[in-house]
Structure formats: structure tokens, C-alpha cells
Amino acid sequence: MDRIEILGLCGSLRTGSFNLMALRAACELVPNGMAIRPFERLGEIPLYNEDVKERGFPDAAEDFRGAVAAADGLLFVTPEYNYSISGALKNAIDWASRPPQPPLVGKPAAIMGASSGLMGTVRAQLHLRHILGGLNMPVLPRPEVLIREAAGKFDGEGRLTDETTRQHIRTLLERLKDWTLLIQRAAQSR
Ligand SMILES: Cc1cc2nc3c(=O)[nH]c(=O)nc-3n(C[C@H](O)[C@H](O)[C@H](O)COP(=O)(O)O)c2cc1C
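Residues numbered from 1 in each chain as written. Predicted model: local features only at pLDDT ≥ 70, side-chain atom pairs only at ≥ 80, totals over all residues. Heavy atoms only, no water.

A.B. asks: It is not clear to me how the pattern of salt bridges should be interpreted in this structure. Could you clarify?
C.D. replies: Summed over all chains, the structure comprises nine salt bridges. We note a salt bridge from D63 to R41, for which the minimum N-O separation is 3.0 Å. Here D63, found in helix α3 (residues 59-70), pairs with R41, found in the loop between β2 (34-38) and α2 (50-54); they are 22 residues apart in sequence, far enough to count as distant. On the accessibility criterion, R41 (21% relative accessible area) is partly exposed. A salt bridge links K90 to D94; the shortest N-O distance between them is 3.0 Å. (Salt bridge = Lys/Arg side-chain N within 4 Å of Asp/Glu carboxyl O. Helix = DSSP H or I, 4+ residues; strand = E, 2+ residues; numbered from the N terminus. Buried < 20%, exposed > 50% of the residue type's maximum accessible area, 1.4 Å probe, protein only.)

A.B. asks: It is not clear to me how the packing of helix α4 (residues 87-95) against helix α5 (residues 122-134) should be interpreted in this structure. Could you clarify?
C.D. replies: In helix packing, the relevant descriptors are the interaxial angle and the interaxial distance, both defined with respect to the helix axes. α5 packs onto α4 with a crossing angle of 10° between their chain directions and a minimal axis gap of 11 Å. With respect to α5, the axis of α4 lies roughly parallel. Contacts between α4 and α5 involve L89, K90 and I93 on the former and, on the latter, L128, I131 and L132. For the contact of α4 with α5, the class distribution of residues is five nonpolar, no polar and one charged. (Axes fitted to C-alpha atoms, helices over the stretch in contact; angles between N-to-C directions. Parallel < 35°, antiparallel > 145°, perpendicular 65-115°, else oblique. Contact = heavy atoms within 4.5 Å. Nonpolar A, V, L, I, M, F, W, Y, C, P; charged D, E, K, R; others polar.)

A.B. asks: What should I look at first to understand the sheet that holds strand β3 (residues 73-77) in this one?
C.D. replies: In a beta sheet, neighbouring strands are held together by backbone hydrogen bonds and run either parallel or antiparallel to one another. Strand order in the open sheet made by the five strands is β2-β1-β3-β4-β5, with parallel pairing throughout. Each end of this open sheet is capped by a strand with a single partner; those strands are β2 and β5 (145-147). Direction aside, neighbouring strands of the sheet carry axes that sit 20° apart on average. Summarising the sheet, strand β4 (residues 109-114) and β5 pair through three bridges and their orientation is parallel. Its bridge partner lying in β5, M112 is registered against V145. (Pairing = 2+ DSSP bridges.)

A.B. asks: Would you mind showing me how to read the pairing of β2 here?
C.D. replies: Two faces, one strand: in a regular strand the side chains alternate between the faces of the sheet. As paired strands, strand β1 (residues 4-10) and β2 are joined by five bridges and run parallel to one another. Residue I4 lies in a different strand from β2, and its bridge partner there is M34. Crossover β1 to β2 through helix α1 (residues 18-28) is right-handed. (Right-handed = clockwise from strand over helix to strand, strands pointing away.)

A.B. asks: When you look at the confidence of the model for the chain in this model, what are you seeing that I'm missing?
C.D. replies: In low-pLDDT segments, the atomic positions of the prediction should not be examined closely. Per-chain confidence: the chain averages 97 in pLDDT, with 99% of residues scoring 70 or above. Ranking the elements of the chain by mean pLDDT puts α2 last, at 81, and β3 first, at 99. (pLDDT = per-residue confidence, 0-100.)

A.B. asks: Hey, could you run me through the environment of R55 in this one?
C.D. replies: Assignment of secondary structure puts R55 in the loop between α2 and α3. Residue R55 is classed as exposed on the basis of its relative accessible area of 69%. Along the chain, R55 and I6 lie 49 residues apart, while their C-alpha atoms are 30 Å from each other.

A.B. asks: Hey, could you run me through the packing of aromatic side chains in this one?
C.D. replies: Aromatic ring pairs are described here by two measures, namely the spacing of the ring centres and the angle between the planes. This structure, assessed with the given rule, holds four aromatic pairs. Summarising the aromatic geometry, the rings of F57 and W95 are spaced 5.9 Å apart at their centres and angled 70° between planes, so their arrangement reads as edge-to-face. Linking F57 in the loop between α2 and α3 with W95 in helix α4, this pair joins segments that are 38 residues apart in sequence. This pair shows no difference in class: F57 is buried, exactly as W95 is. Linked through ring pairs, Y48, F57 and W95 together constitute an aromatic cluster. Positioned above the aromatic ring of F18, the side-chain terminus of R14 is 5.5 Å from the ring centre. Here the basic side chain of R123 rests over the ring of Y83, its NZ or CZ set 3.8 Å away from the ring centre. (Phe/Tyr/Trp six-rings, centres within 6.5 Å; stacked < 30°, edge-to-face > 60°. Lys NZ or Arg CZ within 6 Å of the ring centre and 35° of its normal.)

In C-alpha cells, the structure reads:
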């Protein structure tokens with residue numbers, strides 16, 4: 001069986017981002033037969049503008065669309081900004097939702113997120129599920145990985161030290177692997 005290739009998307013552009021740290025942890029915690037490749041150009045994608053698109057997709061947007069198209073599935077690692085996802089993440093989603101052949105449509109996905117507060121990005125994750133539902137993306141329902149009070153869960157080197165959270169991420173990734181295979185099989189049998 002081929003390896004499942006997952007594109008990892010961190011919605012925060014901050015160098016010291018807890019969500020970036022969580023994505024890095026996920027890259028280490030993948031089950032056998034799966035790999036996560038983080039997309040590193042989110043901050044280079046210009047704001048969506050239909051006029052710009054008329055002249056062709058901007059380089060970073062095209063790169064993102066290609067990375068989504070090539071991936072078997074996606075792992076969104078979202079911060080919570082004002083009860084929702086970050087503008088950077090929404091912008092990238094907008095670019096990859098447009099024709100020709102919108103690459104996000106139908107891709108299996110999972111969501112996790114980290115916040116400094118007590119809610120662990122639950123409101124952002126609900127918004128993200130709503131957005132991805134509009135793109136007909138099958139989003140793994142459970143487990144929900146809500147990393148709250150994130151500052152206490154990573155060490156000075158940005159390593160995820162909280163064992164409970166590490167186990168939640170492991171379980172999420174195992175389920176994402178099964179989920180991706182299930183969706184792929186269903187698509188092949190159509
Ligand atoms: C513009 C902005 C809005 C925020 N709004 C929320 C919020 O609604 N809920 C919340 O729990 N945290 C909120 N926060 C705090 C973030 O959870 C915190 O900054 C977190 O560390 C951001 O993720 P990052 O570490 O990956 O950059 C907000 C932060 C910013 C910069």
C-alpha cells in the first residue's frame with residue numbers, strides 16, 4: 001500500500017506559534033504508512049482577488065493549490081482569532097476553492113488547534129468545519145483535539161511535552177489515516 005500523504009496547514013504565521021509547534025508534533029506522531037508535509041508559504045499567498053486571478057494564480061497560491069491537489073488529505077492546525085479561524089487560513093482556503101478543478105473539493109481532512117485560552121480553539125474549529133462542509137470536504141468528526149492553555153504544554157524548544165495531548169494527536173492521526181483510505185475507496189468505487 002502506498003504511503004498516505006497529508007498536507008499540514010498551520011493557520012498562524014507567528015514564528016513562535018503554538019499551532020506550528022503542534023503541527024511539528026503531529027509530523028513526529030504519524031502512524032506507519034502516513035507522512036505529513038507542512039505547507040510553509042501560507043503567509044506569501046496574496047489576498048484573494050478575482051481580478052488578480054484573471055491574470056493567472058499568483059505563485060504562492062498556485063503552489064498551495066498544487067500541494068492540495070497532490071495530497072491524499074489535509075490536517076488543519078488552526079488558531080482561534082476572534083472566535084473564528086485566521087484571515088491567512090481563510091484566504092488560502094478561498095484560493096484553493098476556485099475553478100478550474102478546485103483542489104480542496106472532496107479532500108478528506110482533520111482539524112486540531114491550540115490557543116492560549118481555556119477554550120482550545122473550539123469556536124474556530126466549528127467555523128472551519130462549516131467552511132469545509134461548503135466545499136464538500138469530508139472532515140473527520142472525532143476525536144476533537146483542543147489544545148487549551150497551550151503555553152503550559154510545550155517546552156522552551158517548542159516541543160509538545162503534555163503526554164495526554166500527544167496521545168490525542170496520535171489517535172487523531174490514526175483515525176485520519178483510516179478516514180482517508182475510506183474516502184479514497186468510496187471515490188474509486190463510484
Ligand atoms: C487577532 C487575535 C484574536 C484572538 N482571538 C482569540 C479568541 O477568540 N479566542 C481565543 O481563545 N484566543 C484568541 N486569541 C489568542 C490566541 O489563541 C493566541 O494568541 C494563540 O497563541 C494564537 O495561536 P498561535 O500561538 O499559533 O499564533 C487571539 C489572538 C489574536 C492575535
